[in-house]
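Descriptive structure summary
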Amino acid sequence: MNEEVNAYIEYLANLHEIKRPTMPIFDILAYTDSEYSMTIKEIMRDYENIDDYYLTIQHLKGE
């Protein structure tokens, strides 16, 4: 059991930080509040069927 724990600790120690790309600078005055709201709703609708919990567990398992 200790070997498994040590192996898992070593695995976690070797994980690297995920580098997110830098976003371009947007002119925040170029759009109205309703356009921002509509865009956010569209993005949320696009991703509502993704099971975040399942993907996280699969990633942690290494699959």
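Residues numbered from 1 in each chain as written. Predicted model: local features only at pLDDT ≥ 70, side-chain atom pairs only at ≥ 80, totals over all residues. Heavy atoms only, no water.

The helix and strand tally for the protein stands at three helices and zero strands. When its helices and strands are written in sequence order, the protein yields α-α-α. For 63 residues, the compact-globule formula gives about 11 Å, and the C-alpha radius of gyration of the protein, at 19 Å, lies well above that figure. Overall, the C-alpha framework of the protein stretches about 60 × 25 × 15 Å when taken along its three principal axes. Summed over all atoms, the accessible surface of the protein reaches about 6,900 Å², with 59% contributed by carbon and sulfur. When the 5 positive and 13 negative side-chain charges of the protein are each reduced to one mean point, those points stand 3 Å apart. (Helix = DSSP H or I, 4+ residues; strand = E, 2+ residues; numbered from the N terminus. Rg over C-alpha atoms; globule rule 2.2 N^0.38 Å. Areas by Shrake-Rupley, 256 points an atom, 1.4 Å probe, with all protein chains shown as cover. Lys, Arg positive; Asp, Glu negative; His and termini not counted. Charge placed at Lys NZ, Arg CZ, Asp CG, Glu CD.)

Another aspect to go through is a nonpolar patch on the surface. Together, Ile 28, Leu 29, Tyr 31, Tyr 36, Ile 40 and Met 44 make up an exposed nonpolar region whose accessible area comes to about 720 Å². Here Tyr 36 lies in helix α2 (residues 33–47). Judged by relative accessible area, which is 34%, Tyr 36 ranks as partly exposed. (Patch = residues over 30% accessible without salt bridge, like charges linked within 9 Å, V, L, I, M, F, W, Y side chains within 5 Å. Salt bridge = Lys/Arg side-chain N within 4 Å of Asp/Glu carboxyl O. Buried < 20%, exposed > 50% of the residue type's maximum accessible area, 1.4 Å probe, protein only.)

Looking now at the environment of Gly 62. The residue Gly 62 is located in the segment after α3 (52–61) in this model. A relative accessible area of 58% places Gly 62 in the exposed class. Sequence spacing of Gly 62 and Tyr 11 is 51 residues, and the spatial spacing of their C-alpha atoms is 11 Å.

The next point concerns the confidence of the model for the protein. Considering every residue of the protein, the mean pLDDT works out to 83; 100% of them sit at 70 or more. When mean pLDDT is compared element by element in the protein, α2 scores highest at 88, while α3 scores lowest at 82. (pLDDT = per-residue confidence, 0-100.)

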